[in-house]
Amino acid sequence: MKRLFYFALLSVGFLFLTISCAEEQDFGQIDDLSIIPTLTSGIFYLEADEATINEAGALNSFYFQEINFDAFNEQYVAERLLEGVITYEIDNTTSKELRLIIEFLDEAGRPLDTEVFTIEADPSETVVREVPYGPDGKSIDILANTSSLRVLANNLGDGTSVSSAEDPKIILRSGAEFLFELQ
């Protein structure tokens, strides 16, 4: 009985030794670590009421603005940009057919890309467009080299009609989601 007790004790000891053994730690694995964060941000917002559009008149621009866009002006950031998606959402409750033009400009003011929207008059549905950049879309170089955005809005309708909607206006929202590789 005493032998059985010592045998059991010895077996349990070997079991603990076996369990406590581990492989040698490899702290070089940090070199293989890949961190790919996603950055989500609004880009610009445009809102114009129907009175402002009527003041510009028929077939004229009622909005023009250049927006500084230095999101990727640091070479370190631009080189690590993997892909992105820009989302545009447009609501038009005016009585006007409208055209919105968004140009992506480099540092010299040259267009790299253009998005054009022709929006039906009231009642129009919300227009949503997602534009991918990177492996499944347009060239990622467009985003990496964009220094500013030019936004232009044109009235394709008349300059006098008024929508029956309460507080008629055009609203353009844009946002983006970018993926970066930090390692």
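Parameters and conventions
- Residues numbered from 1 in each chain as written.
- Predicted model: local features only at pLDDT ≥ 70, side-chain atom pairs only at ≥ 80, totals over all residues.
- Heavy atoms only, no water.
- Phe/Tyr/Trp six-rings, centres within 6.5 Å; stacked < 30°, edge-to-face > 60°.
- Helix = DSSP H or I, 4+ residues; strand = E, 2+ residues; numbered from the N terminus.
- Buried < 20%, exposed > 50% of the residue type's maximum accessible area, 1.4 Å probe, protein only.
- Contact = heavy atoms within 4.5 Å.
- pLDDT = per-residue confidence, 0-100.
- Pairing = 2+ DSSP bridges.
- Axes fitted to C-alpha atoms, helices over the stretch in contact; angles between N-to-C directions.
- Salt bridge = Lys/Arg side-chain N within 4 Å of Asp/Glu carboxyl O.

Visitor: How would you sum up the packing of aromatic side chains? Please name residues and give values.
Guide: Counted by the stated rule, this structure contains 2 aromatic pairs. Here the aromatic rings of Phe-104 and Tyr-133 are separated by 6.2 Å at their centres, their planes lie at 55°, and the arrangement is tilted. You can see Phe-104 sitting in strand 4 (residues 98-105) and its partner Tyr-133 sitting in strand 6 (residues 127-133), a full 29 residues away along the chain.

Visitor: Any details on unusual backbone geometry? Residues and values, ideally.
Guide: The backbone phi angle of Leu-59 is positive, close to 60°, even though this residue is not glycine. Classification of Leu-59 as exposed rests on a relative accessible area of 64%. Of note in the backbone geometry, Asp-167 takes a positive phi value of approximately 55° without being a glycine. With respect to the helices and strands, the residue Asp-167 is situated in the loop between strand 7 (148-155) and strand 8 (169-180).

Visitor: I'd like a rundown of the environment of Ile-142, residues and numbers included.
Guide: Relative to the helices and strands, Ile-142 is located in helix 4 (residues 140-144). According to the relative accessible area criterion, Ile-142 is buried, its value standing at 13%. Separated by 37 residues in the primary sequence, Ile-142 and Leu-105 place their C-alpha atoms 8.8 Å from one another. If we ignore the near neighbours within four places in the chain, the residues touching Ile-142 are Phe-104, Leu-112, Asp-113 and Tyr-133.

Visitor: So what about the confidence of the model for the protein? Which residues, and what values?
Guide: Within the protein, residue pLDDT values average 84, and 80% of them lie at 70 or more. No element of the protein has a lower mean pLDDT than helix 1 (residues 2-20), which averages 52, and none a higher one than strand 5 (residues 111-119), which averages 97.

Visitor: I'd like to hear about the sheet that holds strand 1 (residues 38-49), residue by residue, with values.
Guide: The sheet built from 4 strands is open, its strands ordered 1-8-3-6 with antiparallel pairing. A strand with exactly one partner marks an edge of an open sheet, and here the two such strands are strand 1 and strand 6. The sheet shows a mean angle of 15° between the axes of neighbouring strands, taken without regard to direction.

Visitor: Account for the environment of Val-77, with residues named and values stated.
Guide: Of note, Val-77 is situated in helix 3 (residues 75-80). Separated by 67 residues in sequence, Val-77 and Ala-144 have C-alpha atoms that sit 8.5 Å apart. The residues touching Val-77, leaving out its near neighbours within four places in the chain, are Ala-71, Phe-72 and Phe-180.

Visitor: Tell me about the sheet that holds strand 2 (residues 61-68), and please be specific about residues and values.
Guide: Within the open sheet, the 4 strands sit side by side as 2-7-4-5. Their pairing is antiparallel. The two strands at the open ends of the sheet, each matched to only one other strand, are strand 2 and strand 5. Here the average twist between neighbouring strands, direction ignored, is 10°. Note: strand 2 against strand 7, 7 bridges, orientation antiparallel. Opposite Glu-66, over in strand 7, you have Arg-150 as the bridge partner.

Visitor: Give me the lowdown on the pattern of salt bridges, citing residues and values where you can.
Guide: Inspection of the entire model under this criterion finds 13 salt bridges. In this structure, Arg-173 engages Asp-91 in a salt bridge whose closest nitrogen and oxygen atoms are separated by 3.1 Å. One end of the pair, Arg-173, is in strand 8; the other, Asp-91, is in strand 3 (residues 81-92), with 82 residues separating them in the sequence. For Arg-129, the salt bridge goes to Glu-115, with nearest N and O atoms at 2.8 Å. On the criterion of sequence distance, the pair formed by Arg-129 in strand 6 and Glu-115 in strand 5 is long-range, its members being 14 residues apart. Arg-129 sits in the partly exposed class, given a relative accessible area of 29%. One network of salt bridges, in which partners are shared, links Asp-113, Glu-115, Arg-129 and Lys-138.

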